[in-house]
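Spelled out from the first residue to the last, the chains are:
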Amino acid sequence: MKQAADLTPSHHFIASVLSVLLGAAYLLLTALALNASVWLSESRAQTPREQTLKENVNNPVPAPVVPPVVIELFTSQGCSSCPPADKLLGELREEADVIALALHVDYWDYIGWQDPFGDPAYSRRQEAYAKFQRQRQVYTPQMIINGRTDVIGSRRATVAKALEQARRETPETRVTLQANQASIGAVEIGDRMVEIWVFAYDRLHETAVAAGENRGRKLADYNVVREMKKLGYWRGEATTLPLNLSSYKEMGRAGVAVVVQEAKGGPILGAAQLKF
């Protein structure tokens, strides 16, 4: 049997070098494995954007206040052209940024049906708009949007276009309502006369019409204004008005709206509503 030959000094040197190289390789592999573990851990960590999104979910930022658009529909149960506009107003009132008000005029009562919600004060308001806008006559169904734009209330496409235009406009002042007060932000109004109005409305009325152009029909009217009252004039300064708005709830009203408006049928500067 052959025996292993004895190692020479040179062989001992080579063996030592190999041992050192193997040890270094082991340390290098260990370091690489450690770095890979750290990298994987960091890759699982949230990015700054992900962290921000998570914080926004956990601590949501309040949505910006959207200024309301006031839509006044001048209508009458004695007008055969009005029911489609009444229906459209009923749809628009569901929009979060819309204050929908149906004001029933009285000048169609002579045809044969006296509108139970008609009021000469609403007819005078419509006439004031016509005078301010230099219109020769009033008509139904007419929608006035933000006290500025006049559209035929039954023409859906025209109404939608006017509504989108109004949404792009910024109101001059901000109005906020609570159960016992109304607050109005300061704004420069110059020499304009500005009024504050309150409207109280019912959500829905259904009426069987026995005479006139709508004889035999059952009409549905939405957000029917039952009270319109001028609270006074406003000079443009920041104002808080004590108002017992909750009393309207006790009377069975569905909501109230406070409107700040240039006098004599001028444009609306700001508005807010409180639904019950």
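A brief structural summary. Computed from a predicted model, the values in this text were never measured in an experiment.

### Points about the environment of Glu127
Then step 1. As for its position among the elements, Glu127 is in helix 4 (residues 120-132).
Then step 2. C-alpha of Glu127 to C-alpha of Gln137: the two residues are 10 residues apart in sequence and 7.9 Å apart in space.

### Examining the packing of aromatic side chains
Then step 1. Under the counting rule described, the total for this entry stands at 3 aromatic pairs.
Then step 2. Judged by centre distance (6.1 Å) and plane angle (75 degrees), the ring pair of Phe74 and Tyr129 falls under edge-to-face. Of this pair, Phe74 sits in strand 1 (residues 69-75) while Tyr129 sits in helix 4; the two residues are 55 residues apart in sequence, bridging distant segments of the chain. Each member of the pair, Phe74 as well as Tyr129, carries the same accessibility label: buried.
Then step 3. Measuring from ring centre to ring centre gives 5.8 Å for Tyr107 and Trp108, while their planes differ by 55 degrees; the resulting arrangement is tilted.
Then step 4. The partly exposed category is assigned to Trp108, whose relative accessible area is 23%.
Then step 5. Through successive ring pairs, a cluster of aromatic residues spans Tyr107, Trp108 and Tyr110.

### Here we look at the pairing of strand 7 (residues 194-208)
Then step 1. Bridging between strand 7 and strand 8 (residues 218-234) involves 14 bridges; their strand directions are antiparallel. Bridge pairing links Tyr201 to Val225 in strand 8.
Then step 2. Sheet analysis places strand 7 next to strand 10 (residues 255-262), joined by 8 bridges and oriented antiparallel. Across the sheet, residue Trp197 finds its bridge partner in strand 10, namely Val259.

### Some remarks on the side chain of Thr207
Then step 1. By secondary structure assignment, the location of Thr207 is in strand 7.
Then step 2. Other than its neighbours up to four places away in sequence, Thr207 contacts Gln77, Trp113, Phe117, Arg217, Lys218 and Leu219.

### Remarks on the pattern of salt bridges
Then step 1. In this structure the tally under the stated criterion is 14 salt bridges.
Then step 2. In this structure, Asp97 and Arg167 form a salt bridge, with 2.7 Å as the shortest nitrogen-oxygen distance. In this pair, Asp97 is assigned in the loop between helix 3 (83-92) and strand 2 (98-104) and Arg167 in helix 5 (residues 156-167), connecting sequence segments 70 residues apart.
Then step 3. We classify Asp97 as buried; its relative accessible area is 11%.
Then step 4. Arg167 gets classed as partly exposed once you look at its relative accessible area, which sits at 29%.
Then step 5. The salt bridge involving Lys230 is made with Glu195; its shortest N-O contact spans 3.5 Å. Of this pair, Lys230 sits in strand 8 while Glu195 sits in strand 7, and the two are 35 residues apart along the sequence.
Then step 6. Of the residues examined, Glu195 reaches a relative accessible area of 9% and is grouped as buried.

Parameters and conventions
Residues numbered from 1 in each chain as written. Predicted model: local features only at pLDDT ≥ 70, side-chain atom pairs only at ≥ 80, totals over all residues. Heavy atoms only, no water. Helix = DSSP H or I, 4+ residues; strand = E, 2+ residues; numbered from the N terminus. Phe/Tyr/Trp six-rings, centres within 6.5 Å; stacked < 30°, edge-to-face > 60°. Buried < 20%, exposed > 50% of the residue type's maximum accessible area, 1.4 Å probe, protein only. Pairing = 2+ DSSP bridges. Contact = heavy atoms within 4.5 Å. Salt bridge = Lys/Arg side-chain N within 4 Å of Asp/Glu carboxyl O.

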